[in-house]
Amino acid sequence: MKTLHFPVCRLLLASLILLVGFGFFLPVARAQTDCRITDIRFWQSPEEAQIVFDLSAPPKVTPLGTLSDGTVFFDIEGCLFRPGRERYPLNNAFVQVLNVQARSDGGVRIFFRPGAGVSQRTFVLPRSDAKADRIVVFLTEPPQQQLARRQLEQQEISRLKAGNVKIVVLDPGHGGEDPGTRANGIVEKTYVLAMANLIKTFFDRDPRYRAIITRTGDYIIPLERRRQIAEQLGADVFVSVHVNFNHARRIQGIEVYYESPKGAVGEADRLVAETENQQDAVGGVGQGPVAQIVKRDIVQKQAEIMFRSSQLAQRLESRLAVAVPGLQSRGVRRAGFKVLHSLAMPSALVELGYTSNLVDASYLRNPNAQTRLAQGVYQGIADFLESQVLPGVDASYVQYVSQVEAARKAQEERARKARERRKTLLANSRPYTVQKGDTIPKLVARFKVAKGVFCEVNGFSQNRKLKVGETIRIPGK
Ligand SMILES: [Zn+2]
């Protein structure tokens, strides 16, 4: 997080003001007198940028206006900012300058000038969990620029693949608004970015590989997007890099994860639902045998990829376990991390140690140990990529899926039988209008029927209260 402060500059003249943003209204919250801007933050990735204003209360924001030079502005009514004007010369492709002016009548006026072709969306976000009320200015690079950049990337990757160079995608976890874990002088998002870069230096020295990092700076990327980057690049392997935390401070050690059966089943169901939706859209079959075939194919693919991911995880773990004497390994584990759901390439997630443990943290901060850990990740990936890929499927996953399916079928069968039974009971029942003073115990005694059957035929819970005048069913003719 960074808050920038720069000297005052009077750049913008009121006479230039040309209101053009009338079509765009921000949600206006209840006016607050205790609204203050507590922080101004700026995040930037190659594709987008954000200016975030943290506020002490929900803001009342005026519609956006635009000046003749393209500068966008809006007011936050009744909101306090340090006296004077603040200018933030951000000077990047997304936004050249940001001005925050305290108005004499107590409000704050914000000016920002988006770069050429950059589009902006500005919105208010209410407070949630640890996050304050915020105003977010979201800036996106021009679409043609994005397309051209991606095409260049793709050409480079095709050239590398033609030369048999293997593509390794390294994914430093967290970033931007999400710092990850924080303990003993280590902030996860910063630490894992530095580690990913260090790992990359080993690949850069090896002509057999090209390493690409999903997050090159301090910004957030959605979890799905991280593996999509690898998928679009046709990566041979994907490894996400993290450090761990536990409130039990004695817990220490390295962990290497790959996809769990539970996580994979959830993903398979999501993919089946997605396919069904697409079929619905073209008027095809949504349910039944088609879904079963789709699911079987997905499960087969998952089981193959998972089998390879387990080999990747094992090789990473073998190298990491001996990388730093004193930094122990807790072995290969499985978890349903979203970044590990890919069907396109084997993937793993490494937790390089516990920041919450004093011994681990001292190793994690040690430059020599960092180099050895980075080398361990490189060697583990290289071992995997150079080894004979064993064909096969993850048998435990296939077994897990059949257990889940069997349990689901049994559940459906129980529900079907219950429906049939109720149908028969209903057919063999007669209507009755509830009189004053009737209770379920009195009625079951009078009509000599079992309370369970009485409740079942009416769809009642055991302690349901009867209403005078309502029609219920009495079991038996
Ligand atoms: Zn993490």
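Residues numbered from 1 in each chain as written. Predicted model: local features only at pLDDT ≥ 70, side-chain atom pairs only at ≥ 80, totals over all residues.

**Points about the overall build of the protein**
Move 1: Helix and strand content of the protein: 10 helices and 22 strands.
Move 2: Expressed as a percentage of its 477 residues, the buried residues of the protein come to 34%.
Move 3: Here the contacts in the protein between residues at least 6 apart in sequence split such that 75% fall between residues at least 24 apart. (Helix = DSSP H or I, 4+ residues; strand = E, 2+ residues; numbered from the N terminus. Buried ≥ 20, exposed ≤ 12 C-beta atoms within 10 Å, placed from the backbone. Contact = placed C-beta atoms within 7 Å.)

**Looking at the sheet that holds strand β2 (residues 35-44)**
Move 1: Read from one edge to the other, the open sheet built from 5 strands follows the order β7-β2-β3-β12-β11, with strand pairing classed as mixed. Each edge of the open sheet carries a strand with a single partner, namely β7 (79-80) and β11 (119-125).
Move 2: One ladder, built from 7 bridges, connects β2 with strand β3 (residues 48-55); its direction is antiparallel. Note on β3: the bridge partner recorded for Phe42 is Ile51. (Pairing = 2+ DSSP bridges.)

**Details of the environment of Tyr88**
Move 1: When you line up the elements, Tyr88 lands in strand β8 (residues 85-88).
Move 2: Exposure remark for Tyr88: the 18 C-beta atoms within 10 Å place this residue in the partly exposed category.
Move 3: On a C-alpha basis, the gap between Tyr88 and Val100 in space is 8.2 Å, while along the polypeptide they are 12 residues apart.

**Some points on the nonpolar core**
Move 1: Counting 62 residues, the largest nonpolar core has Val168, Ala348, Val350 and Val377 as the members making the most contacts within it.
Move 2: Broken down by element, this core gets its largest block of residues, 9 residues, from helix α5 (residues 289-321).
Move 3: Filtering out sequence-adjacent residues up to four positions away, Ala348 remains in contact with Val239, Val256, Tyr257, Tyr258, Ser309, Leu312, Ala313 and Leu316.
Move 4: In terms of nonpolar packing, the next biggest core, distinct from the first, is built from 31 residues, Phe94, Val137, Leu139 and Tyr219 among them. (Core = buried A, V, L, I, M, F, W, Y, C linked by C-beta atoms within 7 Å.)

**Section: helix α7 (residues 367-386)**
At 3.6 residues per turn, the α-helix brings residues three or four places apart onto the same side.
Move 1: Taking 1.5 Å as the rise per residue, α7 with 20 residues should run 28 Å; its terminal C-alpha atoms sit 28 Å apart, in good agreement.
Move 2: Taken together, the buried positions of α7 are occupied by Ala369, Leu373, Ala374, Gly376, Val377, Tyr378, Gly380, Ile381, Ala382 and Phe384.
Move 3: Against β13 (166-172), α2 (188-204), β17 (237-244), α5, β20 (347-354) and α6 (358-365) lie the buried residues of α7. (Expected span 1.5 Å × (residues − 1).)

**A short note on the sheet that holds strand β16 (residues 209-213)**
Move 1: Taking strand neighbours across the sheet as the criterion, the 6 strands line up as β16-β13-β17-β20-β18-β19 in an open arrangement whose pairing is mixed. Looking at strand neighbours, the two that pair on one side only are β16 and β19 (329-335), the edges of this open sheet. Between one strand axis and the next, the sheet turns through 25 degrees on average, direction left out of account.
Move 2: Two elements, strand β18 (residues 254-259) and β20, share 3 bridges in a ladder whose sense is antiparallel. In the sheet register, Tyr257 faces β20, and the bridge partner there is Leu349. (Axes fitted to C-alpha atoms, helices over the stretch in contact; angles between N-to-C directions.)

**Thoughts on the packing of α5 against α7**
Move 1: Between α5 and α7, the least distance of the axes is 8 Å, while the angle of their chain directions is 145 degrees. Considering the relative orientation of α5 and α7, their crossing is right-handed. Contact residues: Gln311, Leu312, Arg315, Leu316, Ser318, Arg319 and Leu320 in α5; Leu373, Gly376, Val377, Gln379, Gly380, Ile381, Asp383 and Phe384 in α7.
Move 2: A breakdown of the residues in the contact of α5 with α7 according to their chemical character gives 7 nonpolar, 5 polar and 3 charged. (Left-handed = near helix turned anticlockwise from the far one by under 90°. Nonpolar A, V, L, I, M, F, W, Y, C, P; charged D, E, K, R; others polar.)

**What to know about the packing of α2 against α7**
Move 1: Two elements in contact, α2 and α7, have axes separated by 8 Å at closest approach and are oriented at 60 degrees. The angle between α2 and α7 places the two elements in the oblique class. Where α2 crosses over α7, the handedness of that crossing is right-handed. Taking contact as the criterion, the partners of Met195, Leu198, Ile199, Phe202 and Phe203 in α2 are, on α7, Gln370, Thr371, Leu373, Ala374, Gln375, Val377 and Tyr378.
Move 2: For the contact of α2 with α7, the class distribution of residues is 9 nonpolar, 3 polar and no charged. (Parallel < 35°, antiparallel > 145°, perpendicular 65-115°, else oblique.)

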